[in-house]
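# A structural walkthrough
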Amino acid sequence: MEKIRLGKTGLKVTKIGFGGIPIQTPPEEIAIRIVQESLDLGIKFIDTSRMYTCSEERIGKAIAGRREDLVLATKSASRTGEAVAADLETSLKNLRTDYVDLYQFHNVSSEENLQAVLAPGGPYEVVRKACDAGKVRHIGITSHRLSVAKEALLTGCFETVMVGLNFVNTEAAEELIPLARQRDIGIIIMKPMAGGMLEKPALAFKYLQQFTDVLTLIGIARPGEMAEVIRIVEAAEPLTAEELKDMERIREELGSGFCRMCNYCQPCPQQILISAIMYTPVALNRFDPERIFKGEWDKFMQKIPDCIDCGECEKRCPYELPIRERIREAGKQYYAAREAYLAGRR
Ligand code: SF4
Ligand code: SF4
């Protein structure tokens with residue numbers, strides 16, 4: 001697999017990196033197999049986070065004996081020096097290593113967050129000291145808000161930046177990526193498939209191949225998926241006219257204010273699965289009705305009336321989506337479609 005230089009870190013990384021979110025879900029032995037399969041295919045960059053429950057531990061088990069060959073990245077979403085120091089120690093233990101190549105401040109998506117990270121004696125200073133102690137090699141930042149990511153880059157404190165980019169969410173390509181290039185900051189792309197909204201890896205990765213100097217993370221949930229992504233990336237075929245049309249259709253279908261399924265709006269005190277509900281209007285057009293109107297999907301749609309209007313989710317959403325209005329609207333569409341479906345079957 002082709003390698004790129006990750007900005008001023010000087011790290012040489014494969015163009016595709018392993019994203020550690022989805023391996024939280026399958027049974028542990030499958031999760032370990034998914035990681036090892038990716039390594040066998042030549043992937044040399046693995047990204048995880050203290051936020052991703054068992055992901056670090058599973059990766060630690062999967063990379064046993066192969067750590068030296070890899071660039072390992074993890075993150076902390078803590079905002080005090082003390083908590084970040086504790087997170088780093090836990091990550092090192094979970095990953096079964098004595099250093100991480102890249103330590104990132106996770107989801108720094110507000111001005112307040114950025115100031116907390118950079119506060120005297122705070123997270124940034126703690127991680128700088130960890131660099132001096134050899135526990136961390138490079139420091140990066142991740143954000144879901146481009147204005148904050150841009151401000152972070154301008155501080156000169158970070159060697160990498162991770163932001164979302166895909167063919168329905170292209171804003172990062174306008175200002176942020178050129179700025180990072182100008183400052184020689186390594187660019188890491190998350191959500192190439194818009195957090196699961198885009199189902200066709202060929203469209204997603206063919207769009208991204210124009211960014212020749214970025215590292216793209218892909219979260220893999222099933223054995224075999226990474227091989228498909230690598231095949232597309234290595235073939236480097238241009239988008240066909242039909243694929244371009246398909247991309248246009250998907251863009252129109254999703255609109256601009258779509259939910260990225262990042263789940264930063266959680267926890268909801270009423271245990272409402274916001275991202276799944278936000279996805280429902282799209283799912284109604286794409287999935288088998290049996291899957292939508294029966295079983296788990298129906299159960300979480302029934303939770304919509306439990307919303308107590310507290311607005312906590314909206315304060316946390318980095319994309320400022322009107323969540324309450326959207327879930328109510330999704331509920332209406334769902335029940336209308338369900339009724340029509342059931343009437344047709346009577
Ligand atoms: S406004 Fe509703 S959906 Fe949002 S966190 Fe509160 S209860 Fe949950
Ligand atoms: S509503 Fe906002 S925070 Fe919640 S999953 Fe969607 S984009 Fe993320």
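### As for the overall build of the protein
A count of helical and extended segments in the protein gives 15 helices and 10 strands. Taking 346 residues into account, the globule formula puts the C-alpha radius of gyration at 20 Å, and the protein, at 20 Å, falls close to it. In terms of its C-alpha atoms, the protein occupies a principal-axis envelope of roughly 70 × 45 × 40 Å. Looking at the protein residue by residue over its 346 residues, the buried ones come to 51%. Sequence separation of 24 or more characterises 75% of the internal contacts of the protein that already satisfy a separation of 6 or more.

### Structural notes on the site of ligand 1
Close contacts around ligand 1 come from Cys268, Pro269, Gln270, Ile274, Cys307, Ile308, Asp309, Cys310, Gly311, Cys313 and Arg324, and that covers them all. Using a 2 Å cut-off from the grid points, one finds that ligand 1 occupies the largest cavity.

### Observations concerning helix H10 (residues 241–254)
In this model H10 runs 20 Å from its N-terminal to its C-terminal C-alpha over 14 residues, within 8% of the 20 Å that 1.5 Å per residue would give. With its phi angle positive at about 70°, glycine 255 sits one or two positions after the end of H10.

### What about the pairing of strand E9 (residues 186–190)?
Taking burial as the measure, the 5 residues of E9 include 5 buried ones, the bulk of the element. Here E9 shows no split at all, with Gly186, Ile188 and Met190 on one side and Ile187 and Ile189 on the other all buried. One ladder, built from 5 bridges, connects strand E8 (residues 160–164) with E9; its direction is parallel. Residue pairing for E9: valine 161 is matched across the bridge by isoleucine 187. Sheet analysis places E9 next to strand E10 (residues 215–219), joined by 2 bridges and oriented parallel. If you follow isoleucine 189 over to E10, its bridge partner there is threonine 216.

### Brief notes about the packing of aromatic side chains
Following the criterion strictly, the structure yields 10 aromatic pairs and no others. In textbook terms, an aromatic cluster arises when at least three aromatic residues are bridged by ring pairs, as seen for Phe293, Tyr334, Tyr335 and Tyr341. A cation over a ring is seen here: arginine 67 above tyrosine 99, with NZ or CZ 3.9 Å from the ring centre. It is arginine 137 that lies over the ring of tyrosine 99; its NZ or CZ is 3.8 Å from the centre.

### Re the packing of helix H2 (residues 55–62) against helix H3 (residues 81–95)
Across the interface, H2 lies against H3 with an axial gap of 7 Å and an inter-helix angle of 40°. Of the residues in H3, those in contact with Glu56, Glu57, Ile59 and Gly60 of H2 are Thr90, Ser91, Asn94 and Leu95. When its residues are assigned to classes, the contact of H2 with H3 shows 2 nonpolar, 4 polar and 2 charged.

### Notes on the site of ligand 2
Residues in close proximity to ligand 2 total 14 residues, the closest being Cys259, Cys262, Asn263, Cys265 and Cys317. Of all the cavities here, the one that holds ligand 2 is the second largest cavity.

### Quick word on the environment of alanine 227
Inspection of the secondary structure assignment puts alanine 227 in helix H9 (residues 225–235). Placed 187 residues apart in sequence, alanine 227 and aspartate 40 show a C-alpha to C-alpha distance of 9.9 Å.

### Quick look at the sheet that holds strand E5 (residues 71–76)
Reading around the barrel, the 8 strands line up as E3-E4-E5-E6-E7-E8-E9-E10 and close back on themselves, with parallel pairing between neighbours. For this sheet, the mean angle separating the axes of adjacent strands, direction not counted, is 30°. As paired strands, strand E3 (residues 16–19) and E10 are joined by 4 bridges and run parallel to one another. Within E10, the position partnered with glycine 17 by the bridge is leucine 217.

Each value, and the rule that gives it
- Residues numbered from 1 in each chain as written.
- Chains lettered and ligands numbered in written order.
- Predicted model: local features only at pLDDT ≥ 70, side-chain atom pairs only at ≥ 80, totals over all residues.
- Heavy atoms only, no water.
- Helix = DSSP H or I, 4+ residues; strand = E, 2+ residues; numbered from the N terminus.
- Rg over C-alpha atoms; globule rule 2.2 N^0.38 Å.
- Buried < 20%, exposed > 50% of the residue type's maximum accessible area, 1.4 Å probe, protein only.
- Contact = heavy atoms within 4.5 Å.
- Near = heavy atom within 4 Å.
- 1 Å grid on protein atoms, 1.4 Å probe; cavity = no way out; pocket = protein on both sides within 12 Å on 5 of 7 lines; lining within 4 Å.
- Sits in = over half its atoms within 2 Å of the grid points.
- Expected span 1.5 Å × (residues − 1).
- Pairing = 2+ DSSP bridges.
- Phe/Tyr/Trp six-rings, centres within 6.5 Å; stacked < 30°, edge-to-face > 60°.
- Lys NZ or Arg CZ within 6 Å of the ring centre and 35° of its normal.
- Axes fitted to C-alpha atoms, helices over the stretch in contact; angles between N-to-C directions.
- Nonpolar A, V, L, I, M, F, W, Y, C, P; charged D, E, K, R; others polar.

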